[in-house]
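Summary of structural features
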Amino acid sequence: MPAVDKLLLEEALQDSPQTRSLLSVFEEDAGTLTDYTNQLLQAMQRVYGAQNEMCLATQQLSKQLLAYEKQNFALGKGDEEVISTLHYFSKVVDELNVLHTELAKQLADTMVLPIIQFREKDLTEVSTLKDLFGLASSEHDLSMAKYSRLPKKKENEKVKTEVVKEVVAARRKQHLSSLQYYCALNALQYRKRVAMMEPMMGFAHGQINFFKKGAEMFSRSMDSFLSSVADMVHSIQGELEAEADAMRASQQELLSVDESVYTPDFDVATPRSNRGLVQKAGYLNLRTKTGLVTTTWERLYFFTQGGNLMCQPRGAVAGGLIQDLDNCSVMAVDCEDRRYCFQITTPNGKSGIILQAESRKENEEWICAINNISRQIYLTDNPEAVAIKLNQTALQAVTPITSFGKKQESSCPSENPENSEMENDKIVPKATVSIPEAEELIAPGTPIQFDIVLPATEFLDQNRGSRRINPFGETEDDTFPEAEDSLLQQMFIVRFLGSMAVKTDATTEVIYEAMRQVLAARAIHNIFRMTESHLMVTSQTLRLIDPQTQVSRASFELPSVTQFAAHQENKRLVGFVVRVPESTGGESLSTYIFESNSEGEKICYAINLGKEIIEVQKDPEALAQLMLSIPLTNDGKYVLLNDQPDDSDGNPSENRGAESEA
């Protein structure tokens with residue numbers, strides 16, 4: 001006996017589009033079976049009607065044969081033999097009429113009645129359960145929509161509890177109706193086979209009995225065939241009974257689960273999230289703008305496929321592409337009317353879609369999964385292991401730092417930027433070197449300054465009890481007289497990410513550790529605002545200039561910049577360490593982290609060139625040789641090649657306060 005397709009009862013609670021798609025196949029099969037059953041019933045009723053007509057016809061024929069002798073024929077001589085013959089035929093027809101009557105009764109009981117019972121009982125039951133399942137699904141959708149609109153205020157806990165109870169009741173009702181519906185559809189796959197064969201068995205048996213009594217017109221081979229068909233029907237009925245018992249037991253087991261299965265956010269306090277996911281699927285609410293300030297939310301089924309985020313509405317056969325996740329960024333966002341929201345941003349920095357998860361756990365897992373996919377971890381040989389390793393590194397930013405992982409050796413871009421650019425184009429094995437612990441670079445608990453107005457070293461001055469001159473204090477002097485005498489002027493557009501006090505400037509690892517802590521802190525605290533400035537690199541100073549007012553926000557003497565480096569993977573991240581003398585006679589070290597529109601290596605190259613100019617100014621011949629390698633502007637200023645500042649759209653911006661050439 002071939003296998004029978006079945007709906008998995010375990011997938012009834014999740015109610016995924018895949019399950020709905022499979023359910024639609026069963027529903028289509030049930031609809032086709034209903035249409036075919038109606039047509040089959042019409043054909044069988046026609047056969048039964050013809051058999052009844054045969055009974056009436058034979059009865060009328062018998063009467064008509066007997067009526068022959070009552071006819072007053074003008075030439076009726078010699079009709080006695082005809083009359084006796086017709087009487088005999090009338091008797092034979094009467095006997096046939098009895099057989100036809102028994103056949104008609106047998107066809108009604110064994111052919112027409114079973115197919116009518118199958119249509120009225122089984123098919124009607126499936127149709128009724130389908131309507132109940134639809135009503136339960138609608139109630140569940142309404143309750144979920146009401147739950148999704150819950151505010152975040154604590155005084156609404158009573159309302160939240162009522163809504164959660166309503167969701168649980170609706171979800172349990174939908175689960176029960178879906179289980180009953182699935183069981184009926186599964187059972188229908190067995191019953192339809194019996195329903196098709198049983199009426200024909202009755203038809204065949206009736207015809208056999210008819211012909212056996214009338215004449216032996218059927219052979220024993222037909223008897224053996226019908227016997228085998230009967231055995232098959234009994235076998236199917238036995239399988240149906242066993243499957244029905246198994247489905248009833250499975251239904252009871254699935255309905256005896258804990259209430260937490262129906263509760264949307266049962267572990268909101270301590271969710272156990274899986275941060276190593278490289279694929280994810282589930283229902284999310286998608287925000288869509290309907291006006292200038294109005295938005296709507298639609299509950300859809302989302303899943304990841306390779307490096308793409310797919311969306312599949314309920315009832316659709318397949319999903320469609322929503323967002324390419326490669327090199328995208330994802331972070332939690334704060335929506336006024338929704339909880340557990342996160343936003344996906346495209347690689348060019350444009351805001352993408354905003355989605356709402358069902359619970360805190362789902363929110364965290366979606367963010368981790370999209371973050372892992374955006375790094376193209378799914379293309380590696382063991383994506384799960386790589387994702388776990390990367391997320392362990394991310395977790396170090398949330399928990400107190402106890403150790404600093406060993407990193408691969410990388411050459412400082414300030415030493416030889418040209419060689420570093422060449423090495424980035426090819427993969428070269430690097431020997432591991434001993435890296436100091438994180439506590440030796442940055443003191444645990446050091447505050448991070450996210451605003452350009454107040455530097456991180458303010459924290460150190462407050463503890464010392466002495467007042468320090470704020471290096472970020474704005475000045476009203478917008479002439480920059482030292483820039484007129486500078487041999488080097490180069491402008492870059494940068495965005496300030498954060499600064500913090502450090503303990504050493506002996507290695508560039510302190511810059512990488514500061515980058516890690518600043519970026520992790522921004523992600524944890526959902527800080528999205530960044531201060532944009534123009535960074536002017538001269539042969540004397542590093543100056544941060546307000547792009548709107550041209551007011552200097554900060555100025556650092558170039559000799560005080562003791563370390564500078566670009567990020568090893570994100571080429572737009574750059575940082576430098578500044579050594580500032582204190583009024584107490586000591587010195588403080590602070591690291592400043594920026595994001596540049598251009599590559600950070602170019603900024604490091606400019607700083608390195610400025611330092612070289614300072615060094616060779618003591619030797620006129622060395623200075624002359626260095627200046628010969630740098631192009632000149634029309635007014636005699638030294639600039640770098642192919643380093644015009646870019647605006648936010650990636651186009652060259654106007655030169656403000658500095659010379660620049662392409």
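Note: the structure precedes this text.
The following refers to the structure shown. (Residues numbered from 1 in each chain as written. Predicted model: local features only at pLDDT ≥ 70, side-chain atom pairs only at ≥ 80, totals over all residues. Heavy atoms only, no water.)

Focus: the overall build of the chain
The cut-off we apply is this: Where helices and strands are cited, they refer to DSSP runs of H or I of at least four residues and of E of at least two residues respectively, numbered from the N terminus. For every residue, the accessible area (1.4 Å probe, protein chains only) is compared with the maximum for its type, and the residue is labelled buried under 20%, exposed over 50%, or partly exposed between those bounds. Computed with the Shrake-Rupley method and a 1.4 Å probe, the accessible areas treat only the protein chains shown as cover for residues.
Scanning the chain from N- to C-terminus turns up 13 helices and 14 strands. Burial statistics for the chain: of 662 residues in total, 43% are counted as buried. Carbon and sulfur atoms provide 52% of the accessible area of the chain, an area that totals close to 36000 Å².

Here's the deal with the sheet that holds strand E11 (residues 552–557)
So the rule is basically this: Any two strands with at least two DSSP bridges between them are considered paired. Lines fitted to the C-alpha atoms define the axes, with helices restricted to the stretch that makes contact. Angles between their N-to-C directions range from 0 to 180 degrees. Whether two residues are in contact is decided by their heavy atoms, any of which lying within 4.5 Å being enough.
Taken together, the 7 strands give an open sheet; going across it, the order is E11-E10-E9-E8-E14-E13-E12, and neighbouring strands pair in antiparallel fashion. Unpaired on one side and paired on the other, E11 and strand E12 (561–566) mark the two borders of the sheet. Strand-to-strand twist in this sheet, taken as the mean axis angle between neighbours without regard to direction, amounts to 30 degrees. Running at roughly 80 degrees to strand E8 (residues 489–502), helix H11 (residues 509–525) makes contact with E8, E12, strand E13 (573–581) and strand E14 (587–596) of the sheet.

A short note on the packing of aromatic side chains
Stated precisely, the cut-off is as follows: Between 30 and 60 degrees the pair is tilted, below 30 it is stacked and above 60 it is edge-to-face, where a pair is any two Phe, Tyr or Trp rings, Trp via its six-membered ring, whose centres lie within 6.5 Å. Comment: the charge-over-ring label is applied if NZ (Lys) or CZ (Arg) is within 6 Å of the ring centre and within 35 degrees of the ring normal.
Applying the stated criterion to the full structure yields 10 aromatic pairs. Plain terms: the ring middles of Tyr301 and Phe303 are 6.4 Å apart, the flat faces sit at 40 degrees to each other, and that makes the pair tilted. Each member of the pair, Tyr301 together with Phe303, is buried. Between Phe556 and Phe576, the aromatic rings sit 5.7 Å apart at their centres with planes inclined by 70 degrees, giving edge-to-face as the arrangement. With Phe556 in strand E11 and Phe576 in strand E13, this residue pair connects regions lying 20 residues apart in the sequence. On the basis of relative accessible area, Phe576 is assigned to the buried category, the value being 3%. Every member of this aromatic cluster is reached through a ring pair, and the members are Phe496, Phe556, Phe576, Tyr592 and Phe594. The ring of Tyr283 has Arg299 lying over it, and the distance from NZ or CZ to the ring centre is 4.3 Å.

Looking at the pattern of salt bridges
Selection rule: Any Lys or Arg side-chain nitrogen located within 4 Å of an Asp or Glu carboxyl oxygen qualifies as a salt bridge.
On inspection of all chains with the given rule, the structure shows 22 salt bridges. Across the pair Arg248 and Asp245 runs a salt bridge whose closest N-O atoms are separated by 2.0 Å. Of this pair, Arg248 and Asp245 both sit in helix H4 (residues 220–255), 3 residues apart, which is roughly one turn of that helix. Put simply, Arg553 and Asp546 hold a salt bridge, and the shortest N to O gap is 2.7 Å. As far as the burial class goes, Arg553 and Asp546 line up, both buried. By sharing partners, the salt bridges in this structure join Asp15, Arg20, Asp141 and Arg314 into a single network.

A word on unusual backbone geometry
Of note, Asn327 is a non-glycine position whose phi angle comes to about 65 degrees, a positive value. Among the structural elements, Asn327 can be located in the loop between strand E4 (320–324) and strand E5 (329–333). Residue class for Asn327 comes out exposed when judged on its relative accessible area of 55%. Although it is not a glycine, Gln550 sits at a positive phi angle of roughly 60 degrees. With respect to the helices and strands, Gln550 occurs in the loop between strand E10 (541–545) and E11. Residue classification places Gln550 among the buried residues on the basis of a relative accessible area of 18%.

A short note on the pairing of E12
Each regular strand carries side chains that alternate between the two faces of the sheet. With respect to burial, E12 is a largely interior element, 5 of its 6 residues being buried. As paired strands, E12 and E13 are joined by 5 bridges and run antiparallel to one another. Directly across from Phe564, in E13, lies its bridge partner Phe576. The antiparallel hairpin formed by E12 and E13 contains 6 residues in its connecting segment.

Comments concerning the packing of helix H2 (residues 80–148) against helix H3 (residues 157–214)
Our working rule: In these notes the angle categories are as follows: under 35 degrees is roughly parallel, over 145 is roughly antiparallel, 65 to 115 is roughly perpendicular, and the rest is oblique. Three classes are used: nonpolar for Ala, Val, Leu, Ile, Met, Phe, Trp, Tyr, Cys and Pro, charged for Asp, Glu, Lys and Arg, and polar for all others, with Gly counted as polar.
At a closest axis distance of 8 Å, the pairing of H2 and H3 adopts a crossing angle of 170 degrees. Judged on the interaxial angle alone, H3 and H2 are roughly antiparallel. Residue composition of the contact of H2 with H3, by class: 29 nonpolar, 16 polar and 12 charged.

Description of the packing of helix H1 (residues 17–66) against H3
Filter applied, for reference: Handedness of a crossing follows from how the near helix is turned relative to the far one, being left-handed for an anticlockwise turn of less than a right angle and right-handed for a clockwise one.
Where H1 contacts H3, the axes come no closer than 11 Å and their chain directions differ by 30 degrees. Of the possible angle classes, the one that applies to H1 and H3 is roughly parallel. Of the two possible hands of crossing, H1 and H3 adopt the one that is left-handed. Counted by class, the contact of H1 with H3 contains 16 nonpolar, 5 polar and 4 charged residues.

Digging into the environment of Pro151
Within the secondary structure layout, Pro151 lies in the loop between H2 and H3. Through-space distance from the C-alpha of Pro151 to that of Glu336 is 8.5 Å; in sequence the pair is 185 residues apart.

Describing H11
Applicable threshold: Given the number of residues in a helix, its expected span is that number minus one, multiplied by 1.5 Å.
With 17 residues, H11 extends 24 Å between its outermost C-alpha atoms, agreeing within 8% with the 24 Å of an ideal straight helix rising 1.5 Å per residue. Summarising burial for H11: 13 of the 17 residues are buried, a large majority.

Section: the pairing of E14
Burial analysis of E14 places 8 of its 10 residues in the buried class, which makes it a mostly covered element. Two elements, E8 and E14, share 8 bridges in a ladder whose sense is antiparallel. Across the sheet, the residue bridging to Met500 is Thr591, located in E14. As defined by bridge partners, E13 adjoins E14 across 9 bridges and the pair is classed as antiparallel. Looking at E14, one finds that Leu573 is bridged to Glu595.

Notes on the environment of Pro581
Looking at the secondary structure, you find Pro581 in strand E13. When the C-alpha atoms of Pro581 and Ser560 are compared, they prove to be 9.2 Å apart, with 21 residues separating the residues in sequence. Not counting the four nearest positions on each side in its chain, Pro581 is found in contact with Gly586 and Glu587.

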